[in-house]
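Letter by letter, the chains look like this.
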Amino acid sequence: MRAGDRLPPLEIPVTRTLIVAGAIASRDYQDVHHDPELARQKGTPDIFMNILTTNGLVGRYVTDHFGPTAVLRKVSIRLGAPNHPGDTMVLTGSVEATDGGTAVVRVTGTNGLGTHVTGTVTVTLPAEEATP
Amino acid sequence: MSGDQAYDELGARLKEFEGRPAAVAGVGKDPVNTAMIRHWCEALGDTNPAYTGPDAVAPPTMLQAWTMGGLTGHRGRAGAYDELLGLLDASGCTSVVATDCEQEYLRPLRPGDEVTFHTVIEEVSARKATRLGTGYFVTTRMEVRVDGEPVGTHRFRVLKYAPAPRAPRTPRPRPVVNRDNAGFWRGVAEHRLLIQRCTACGTLRHPWLPGCNSCGGPDWDTVEASGEGTVHSYVVMHHPPFPAFDPPYAVALIELAEGVRMVSNVVGVPYDKVRIGLPVRLVFRRYDEELTLPVFEAVNR
């Protein structure tokens with residue numbers, strides 16, 4: 001684990017099911033995350049993924065890479081272009097800095113409209129895994 | 001402008017909410033539990049073994065989920081936050097979208113942990129114009145505790161906005177029909193794609209012209225295209241967006257089976273699946289009450 005290391009990209013098909021299941025699993029019943037007609041009335045072409053799902057996917061992306069012993073310390077994200085059904089989000093990441101067993105990973109998720117999410121994740125690895 | 005004035009006054013009133021509590025001693029509706037963890041992991045496709053088994057912890061990114069009011073809301077929400085949202089609703093900022101989430105996890109949450117939370121309104125922005133509409137960014141900061149001990153913090157920013165009115169759909173531009181190409185458009189009206197043919201030398205031509213490029217002959221008749229073709233070349237339009245069109249979309253130069261080429265759209269296939277050589281077939285698509293155009297669909301051959 002070194003600064004500059006790149007994480008392999010993760011492709012997430014943004015299905016209607018993922019958007020709705022993610023919203024409900026995160027207890028978010030805002031209509032724009034499950035009701036296309038009400039979403040349209042609010043000026044968006046279709047339902048879109050809620051921020052909690054995006055946050056969870058960013059966390060998953062980092063722990064998928066570093067393994068089950070990795071511990072998330074901080075996740076900070078900013079949303080841009082929405083994740084609508086039928087799109088694909090590709091998560092990419094690179095290690096920005098390391099400090100002992102702690103790494104700061106810069107994550108970007110892009111979709112067909114542009115950048116859906118940018119963020120940084122601080123993750124700690126157990127000592128024996130941090131230094132190969 | 002008086003509208004701006006009103007917003008400025010509103011902005012000043014909203015600013016006064018900074019530092020006031022949004023939730024005092026909120027209590028999570030459910031203790032941290034394996035069922036909600038499993039539902040979360042299923043939805044997100046997260047197979048991390050740390051979230052299952054006897055020593056399971058909750059995915060840290062579930063932090064906010066444990067504090068959500070669900071369909072029935074929270075009892076513990078303090079008056080200030082409702083008052084702030086009420087002011088924004090009354091000003092027309094009735095819609096909300098989350099823009100930022102910053103979480104710090106001090107220790108893992110485990111099944112059985114009972115979460116309490118305190119939330120403060122940290123910042124209310126000045127009025128901002130965004131793509132969705134005009135509104136205000138409201139930032140809150142939540143401290144999450146278990147048995148009085150801090151377990152995490154959660155800073156959250158939402159845009160509370162007045163949805164921009166949706167412009168009436170602009171119709172697609174009309175074709176320019178003149179003496180030289182009127183026959184082509186009469187054919188389209190009958191769902192026939194007509195190619196001009198020089199009666200002197202037999203050369204086919206498209207688009208329609210008053211004379212033959214090959215021999216100069218002015219006389220012509222027509223051949224009806226079979227409708228089979230392939231993509232000879234294409235571009236994908238992303239920008240600038242024209243009101244009548246929905247980018248990204250593919251504009252293609254179609255080589256018809258008869259050998260002439262025409263510019264059209266490839267429809268019914270994602271723009272990024274359009275390729276040179278892609279076999280296509282003619283369809284007539286109706287865009288509005290007055291406009292039907294010959295476009296092309298991908299076919300499997």
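From a predicted model like this one, the values you see are computed outputs, not experimental measurements. Residue numbers run consecutively from 1 along every chain, following the written order of its sequence. Labels follow written order: the first chain is A, the first ligand is 1, and so on. In keeping with the predicted nature of the model, local features appear solely for residues at pLDDT of at least 70, side-chain atom pairs appear and are counted solely at 80 or more, and the whole-chain, interface and lining totals rest on all residues. As a convention, hydrogens and water are excluded, and side-chain values are obtained from all of the structure's heavy atoms.

Glancing now at the overall build of chain B. The numbering of helices and of strands both runs from the N terminus, where a helix is a DSSP run of H or I of at least 4 residues and a strand a run of E of at least 2. On a plain count of helices and strands, chain B comes out with four helices and 14 strands. Throughout, radius of gyration means the C-alpha value; the globule benchmark is 2.2 Å times the number of residues raised to the power 0.38. For 301 residues, the compact-globule estimate of 2.2 N^0.38 gives 19 Å, and chain B exceeds it by more than 25% at 31 Å. For the C-alpha atoms alone, the extent of chain B along its principal axes is close to 95 × 60 × 25 Å. Counting across all 301 residues of chain B, residues that qualify as buried make up 42%. Exposure categories follow from relative accessible area, calculated using a 1.4 Å probe and restricted to protein chains: below 20% of the type maximum is buried, above 50% is exposed, and the middle band is partly exposed.

All names here are of chain B. Here glutamine 196 shows up in strand β7 (residues 194-198). Using a relative accessible area of 0% as the deciding quantity, one classes glutamine 196 as buried. For the pair formed by glutamine 196 and tryptophan 208, sequence separation is twelve residues and the distance between their alpha carbons is 6.4 Å. We call two residues in contact when some of their heavy atoms are within 4.5 Å. In this view, glutamine 196 contacts Thr203, Leu204, Arg205, Pro207, Trp208, Leu209, Trp220 and Asp221; residues no more than four positions away in its chain are not counted.

Moving on, we get to the UniProt feature "domain: ChsH2 C-terminal OB-fold" (unreviewed entry) in chain B. UniProt positions are given in the numbering used here, feature names are shortened, and annotations may be inferred rather than shown by experiment. Per the UniProt annotation, the sites labelled "domain: ChsH2 C-terminal OB-fold" (unreviewed entry) are residues 223-285 of chain B. Each end of residues 223-285 of chain B is marked by a C-alpha atom, and these two atoms are 21 Å apart; helix forms 0% of the span and strand 54%.

Next up on the list: the pairing of strand β3 (residues 87-99) of chain A. Residue and element names in this part refer to chain A. Across seven bridges, the pairing between strand β1 (residues 6-14) and β3 is antiparallel. Residue pairing across strands places proline 13 opposite threonine 88, the latter belonging to β3. Here nine bridges tie β3 to strand β4 (residues 102-111), and the two strands are oriented antiparallel to one another. Bridging from a neighbouring strand, glycine 93 pairs with valine 107 of β4. Here, strands pair whenever DSSP counts at least two bridges between them.

Residues and elements named next belong to chain A. Examined against the element boundaries, asparagine 50 turns out to sit in the loop between α2 (36-41) and α3 (51-66). In protein, a polar contact means a hydrogen-donor-capable atom and an acceptor-capable atom, both N or O and within 3.5 Å, with residues adjacent in sequence counting only if both atoms are side-chain atoms; elsewhere, any N or O pair within 3.5 Å suffices. Reaching out from asparagine 50, the side chain makes a polar contact with the side chain of threonine 53 at a distance of 2.5 Å. The residues touching asparagine 50, leaving out its near neighbours within four places in the chain, are Gly22, Ala23, Ser26, Asp28 and His33.

A word on the interface of chain B and chain A. The extent of an interface is frequently quoted as the accessible surface area lost upon association of the parts. On the side of chain A, 33 residues touch chain B, which itself brings 37 residues to the contact. Roughly 3,000 Å² is buried in total at the junction of chain B and chain A, and carbon and sulfur atoms are behind 58% of that figure. Salt bridge, as applied in this entry: a Lys or Arg side-chain nitrogen positioned within 4 Å of an Asp or Glu carboxyl oxygen. On inspection of chain B and its partner chain A, the count reaches one salt bridge. Close ionic contact of aspartate 100 of chain B with arginine 78 of chain A constitutes a salt bridge, the shortest N to O distance being 2.6 Å. The interface formed by chain B and chain A holds eight residue pairs in polar contact (both at pLDDT 80 or more) in total. The set of elements that each furnish at least two residues to the side of chain B that touches chain A consists of α2 (34-44), β2 (95-105) and β6 (149-163) of chain B. Note on definitions: buried area is the accessible-area loss of two parts on being combined, 1.4 Å probe, summed for both.

To obtain each axis, a line is fitted to C-alpha atoms, and for helices this fit is confined to the stretch in contact; angles are then taken between N-to-C directions over 0 to 180 degrees. Packing of helix α1 (residues 16-25) of chain A against α2 of chain B brings their axes to within 9 Å, and their N-to-C directions diverge by 160°. The angle between the axes of α1 of chain A and α2 of chain B places the two elements in the roughly antiparallel class. Here α1 of chain A and α2 of chain B pass one another in a crossing that is left-handed. Residues Leu18, Ala21, Gly22 and Ala25 of chain A of α1 of chain A pack against His39, Trp40, Ala43 and Leu44 of chain B of α2 of chain B. Throughout this description, any angle smaller than 35 degrees is read as roughly parallel, any larger than 145 degrees as roughly antiparallel, any in the 65 to 115 degree range as roughly perpendicular, and the remainder as oblique. Each crossing gets its hand from how the near helix is turned against the far one by less than a right angle, where anticlockwise is left-handed and clockwise is right-handed.

Here the focus is the sheet that holds strand β11 (residues 249-256) of chain B. Residues and elements named next belong to chain B. Here five strands make up a closed barrel; going around it, the order is β10-β11-β12-β14-β13 and the pairing mixed. If you compare each strand with its neighbour and ignore which way they point, the axes differ by 50° on average. Where strand β10 (residues 228-237) meets strand β13 (residues 279-288), three bridges bridge the pair, whose relative direction is antiparallel. Of the residues in β13, the one forming a bridge with threonine 230 is proline 279. Strands β13 and β14 (291-298) of the sheet are contacted by helix α4 (residues 182-189), whose axis makes an angle of about 75° with β14.

The next thing to look at is the sheet that holds strand β9 (residues 220-224) of chain B. One open sheet accounts for three strands, arranged β8-β7-β9 (chain B); its pairing is antiparallel. Bordering the open sheet on either side are β8 (204-205) and β9 of chain B, each of which pairs with just one other strand.

On to helix α3 (residues 79-90) of chain B, then. Residues and elements named next belong to chain B. In a regular helix each residue adds 1.5 Å, so twelve residues correspond to 16 Å; α3 covers 16 Å between its end C-alpha atoms and thus fits that length. Listed as buried for α3 are Ala80, Tyr81, Leu84, Leu85, Leu87 and Leu88. In a view along the axis of α3, the buried residues occupy a sector of 155°, so they form one face of it. At the C-terminal side of α3, glycine 92 shows a positive phi close to 100°. Here the expected span of a helix is defined as 1.5 Å times the quantity of residues minus one. Each direction from the helix axis to a C-beta atom contributes to the arc, which is the arc of those directions.

As recorded in UniProt, the feature "domain: MaoC-like" (unreviewed entry) lies at residues 10-112 of chain A. A helix fraction of 31% and a strand fraction of 36% characterise residues 10-112 of chain A, whose end C-alpha atoms lie 15 Å from each other.

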